[in-house]
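Below are the chains, spelled out letter by letter.
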Amino acid sequence: MSYNTVDIADTAFINYLTKLFNLSIGDLRCMVKEIHSEMQKGLSGYSSSIKMIPSFVGLPDGSEEGSFLALDLGGTNFRVVEVVLDGKGKASTEASSKYTLKKKDIQGTGAQLFDFIAECIKEFINEYSLDLHKTYELGFTFSFPVEQTNVAAGALISWCKGFTSTGVEGEDVVVLLNEALKRKDINNVKVAALVNDTVGTLVAKNYSVSDCDIGVILGTGTNACYCEKMLNITKWRGISHRDSMIINMEWGIFDKLPFTYYDRTLDKQTENVQDHLMEKMVSGMYLGELTRLVLKDMANREICFFDRDLSHFTRNGSFKTEYMSRIVEDESDTLSDIEEFMKEFGFISINLESKQILKDICSIIAKRSARISSTAIAAVILWKDPELKETHTVGIDGSLFEKFPGYCDMMYSTLKEHFGSKIKNVKLETAKDGSGKGAAIIAAIAAKSEQE
Ligand code: ADP
Ligand code: MG
């Protein structure tokens, strides 16, 4: 991307950015076609930028019954949950405990990490006086890229999000967990399922909303899953008695997208260059940094409105996506909260135009994110149901979707461009507790199919 750097007024630059980050409905329709082509390749076992990983489970039918445990590993806290399924489609959380993961737990050896997990389970069993004579089936939500080889088996492809425990990459994480359970003398817990967070999200939402057939994550990262007919999973070589299976798409890796200079600059700064390119245009981990790169570019071109050095915006490390939410949220005539925000960062004598520009930049970048994520959803819906004859609820988990002002509305308006009046058949809804209830339900499905 090249452009002239001189003599562009602030508003002209905003117009330029608006065009640069705009994706027309024509662009988005091309994207749908590209996604379909990648989905097809992924399902057939060809190399593809959407992996389409079989999850080994289908949707629940509500008959799941019993008391199950769920583990959630993948963020700042580790969680253990006990969930009771009543066999009539109801799931309730009986007990839940959070444990803080310290640096030594996640950056030591794999054995240290899994011993920590097993120790937490032991504490949980004692704290809630679980029945020591009963075997608890467990669903293990492990929010890292995994090559799943069975419902309760899968090797970690690579760590991310600050985890570096040695001896885990390439290994089956369920085996490692089982070894740790044995070391800690925990004999009444059986790992029944290894769960991807999108799959947990879909299953948990489907339990209460029966037309929910797509699960999406819009948080730190982005990903999705949906239920696919076995016949279409042509790479499937195993035996299966079911007629459909949930596919973990891993859509964050999709890369047939129009990248700007800012996207390329951001990508070069990351640890995983040329990887997860759609995720880097969409998710919470990156939108703030994209905004910062635009602001920095404006400062370099001396068309910046700031009266102080831009580094003030980054004194805590980076420009967070949360800041964008706060900026966009200000609906006041004088944009007084934006002013407050900028003052916190050491800016003085801020005029209205500057505040408006900052707000515009945040909106432009968030809008592109919402147009891409909703178009990816449109692609999945059109793949399953080209005429939109049925209703589809999309269960969405993640702070970007939940907390970014207007994000959901921007998704709906993009979907309307795709679907016209048939938009009435599509609902986007917040889905919570995929890693608790969702994982427990999946453990129940897995345990049941093992008995069959
Ligand atoms: P995770 O995806 O790690 O399971 P979350 O769904 O809570 O967890 O997503 C956390 C991410 O969401 C953060 O990395 C941040 O980028 C983004 N986020 C958190 N709060 C907000 C907010 N108020 N507005 C926009 N983005 C947010
Ligand atoms: Mg999450």
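Note that the coordinates shown come from a computational prediction; the quantities given were computed from them, not determined experimentally.

### Notes on the overall build of the protein
Here comes step 1: Broken down by element type, the protein carries 15 helices and 13 strands.
Here comes step 2: Taking the principal axes of its C-alpha atoms as reference, the protein extends roughly 75 × 50 × 40 Å.
Here comes step 3: Taken across its 452 residues, the protein has 54% of its residues classed as buried.
Here comes step 4: Of the contacts formed within the protein by residues at least 6 apart in sequence, a portion of 69% connects residues at least 24 apart.
Here comes step 5: When the accessible surface of the protein is split by element, carbon and sulfur atoms take 49% of a total near 19900 Å².

### Structural notes on unusual backbone geometry
Here comes step 1: Non-glycine residue H276 carries a positive phi angle of around 50 degrees.
Here comes step 2: By the secondary structure assignment, H276 is in the loop between α7 (261-269) and α8 (277-282).
Here comes step 3: Its identity as a non-glycine residue notwithstanding, L335 has a phi of 50 degrees, on the positive side.
Here comes step 4: Position of L335 among the secondary structure elements: in the loop between α10 (321-329) and α11 (336-344).

### What to know about the environment of Y226
Here comes step 1: Mapped onto the secondary structure, Y226 falls in strand β10 (residues 222-229).
Here comes step 2: Taking relative accessible area as the criterion, Y226 reaches 0% and is therefore assigned buried.
Here comes step 3: Sequence separation between Y226 and I214 is twelve residues; the distance between their C-alpha atoms is 4.5 Å.

### Quick word on the site of ligand 1
Here comes step 1: Around ligand 1, the neighbouring residues are G219, T220, G284, M285, T321, E322, S325, G398, S399, K403 and F404.
Here comes step 2: Measuring from an oxygen atom of ligand 1, one finds a side-chain N or O atom of T220 at 2.7 Å.
Here comes step 3: Note that an oxygen atom of ligand 1 is positioned 2.8 Å from one of the backbone N or O atoms of G284.
Here comes step 4: Protein chains shield 69% of the accessible area of ligand 1, which is 570 Å² for the free molecule.
Here comes step 5: Every element with two or more residues in the shell around ligand 1 is listed here: α9 (284-300), α10 and α13 (399-403).
Here comes step 6: Here the shell around ligand 1 gets three residues from one element, more than from any other, and that element is α10.
Here comes step 7: Tallied by class, the residues present in the shell around ligand 1 amount to two nonpolar, seven polar and two charged.

### Re helix α4 (residues 110-127)
For an α-helix the count is 3.6 residues per turn, leaving residues at separations of three or four pointing the same way.
Here comes step 1: Spanning 18 residues, α4 covers 26 Å between terminal C-alpha atoms, matching the ideal 26 Å at 1.5 Å per step.
Here comes step 2: Within α4 the residues assigned to the buried category are G110, L113, F114, F116, I117, A118, C120, I121, F124 and I125.
Here comes step 3: Phi turns positive one or two residues past the end of α4, at S129, with a value near 45 degrees.

### Structural notes on empty space enclosed by the protein
Here comes step 1: Considering all chains together, one arrives at one cavity of 30 Å³ or more under this definition.
Here comes step 2: There is about 120 Å³ of room inside the largest cavity.
Here comes step 3: Lining the largest cavity are 14 residues, and of these Q148, L194, V195, N196 and N248 lie nearest its centre.
Here comes step 4: At the level of secondary structure, the elements contributing two or more residues to the lining of the largest cavity comprise β6 (146-150) and β8 (189-195).
Here comes step 5: Per-class residue counts for the lining of the largest cavity are nine nonpolar, four polar and one charged.
Here comes step 6: Built from parts of two domains, the lining of the largest cavity gets at least three residues from each of domain 1 (1-55 + 202-433) and domain 2 (65-195).

### Description of the sheet that holds β8
Here comes step 1: Here five strands make up an open sheet; going across it, the order is β4-β3-β2-β5-β8 and the pairing mixed. Looking along the sheet, the strands with just one partner apiece sit at the ends: β4 (91-100) and β8. Taking each pair of neighbouring strands and ignoring which way they run, the sheet shows an average axis angle of 25 degrees.
Here comes step 2: Pairing between strand β2 (residues 65-73) and strand β5 (residues 136-142): five bridges, direction parallel.

### Some remarks on the sheet that holds strand β11 (residues 244-248)
Here comes step 1: One open sheet accounts for six strands, arranged β1-β11-β10-β9-β12-β13; its pairing is mixed. Looking at strand neighbours, the two that pair on one side only are β1 (53-54) and β13 (426-430), the edges of this open sheet.
Here comes step 2: As judged from the five bridges shared by strand β12 (residues 392-397) and β13, these two strands associate in the parallel manner. Bridge pairing links H392 to V426 in β13.

### Overview of the nonpolar core
Here comes step 1: In this structure, L17 and W251 are the most contacted members of the largest nonpolar core, which totals 111 residues.
Here comes step 2: Counting residues per element, this core draws most heavily on helix α12 (residues 352-384), at 15 residues.
Here comes step 3: Residues in contact with L17, not counting those within four places in the same chain, are Y262, V294, I361 and I364.

### What about the confidence of the model for the protein?
Here comes step 1: Considering every residue of the protein, the mean pLDDT works out to 92; 94% of them sit at 70 or more.
Here comes step 2: Of the regions scoring below 50 in pLDDT, residues 1-7 engages in nine contacts with residues more than four places distant in sequence or in other chains.

### Examining the packing of helix α1 (residues 10-21) against α12
Here comes step 1: Their axes nearest at 10 Å, the elements α1 and α12 cross at an angle of 5 degrees. Judged by the angle between their axes, α1 and α12 are roughly parallel. Residue-level contacts link D10, T11, I14, L17, T18 and F21 of α1 to E353, I357, D360, I361, I364, I365 and R368 of α12.
Here comes step 2: Class assignment of the residues belonging to the contact of α1 with α12 gives a composition of seven nonpolar, two polar and four charged.

### Focus: the packing of aromatic side chains
Here comes step 1: Under the defined criterion, the tally for this structure stands at 17 aromatic pairs.
Here comes step 2: Ring geometry for F319 against Y323: centres 5.3 Å apart, planes inclined by 90 degrees, an arrangement best described as edge-to-face.
Here comes step 3: In this structure F319 comes out as buried when scored by relative accessible area, which is 2%.
Here comes step 4: Grouped by ring-pair contacts, the aromatic residues F140, F142, F144, W159 and F163 constitute a single cluster.
Here comes step 5: Positioned above the aromatic ring of Y136 is the side chain of K134, whose terminal nitrogen or guanidinium carbon lies 4.7 Å from the ring centre.

Thresholds, definitions, all that
- Residues numbered from 1 in each chain as written.
- Chains lettered and ligands numbered in written order.
- Predicted model: local features only at pLDDT ≥ 70, side-chain atom pairs only at ≥ 80, totals over all residues.
- Heavy atoms only, no water.
- Helix = DSSP H or I, 4+ residues; strand = E, 2+ residues; numbered from the N terminus.
- Buried < 20%, exposed > 50% of the residue type's maximum accessible area, 1.4 Å probe, protein only.
- Contact = heavy atoms within 4.5 Å.
- Areas by Shrake-Rupley, 256 points an atom, 1.4 Å probe, with all protein chains shown as cover.
- Near = heavy atom within 4 Å.
- Polar contact = N/O pair within 3.5 Å; in protein donor to acceptor, adjacent residues only side chain to side chain.
- Nonpolar A, V, L, I, M, F, W, Y, C, P; charged D, E, K, R; others polar.
- Expected span 1.5 Å × (residues − 1).
- 1 Å grid on protein atoms, 1.4 Å probe; cavity = no way out; pocket = protein on both sides within 12 Å on 5 of 7 lines; lining within 4 Å.
- Points joined across faces, edges and corners; volume = space filled by probe spheres on them.
- Domains from an automatic or database assignment.
- Pairing = 2+ DSSP bridges.
- Axes fitted to C-alpha atoms, helices over the stretch in contact; angles between N-to-C directions.
- Core = buried A, V, L, I, M, F, W, Y, C linked by side-chain atoms within 4.5 Å.
- pLDDT = per-residue confidence, 0-100.
- Parallel < 35°, antiparallel > 145°, perpendicular 65-115°, else oblique.
- Phe/Tyr/Trp six-rings, centres within 6.5 Å; stacked < 30°, edge-to-face > 60°.
- Lys NZ or Arg CZ within 6 Å of the ring centre and 35° of its normal.

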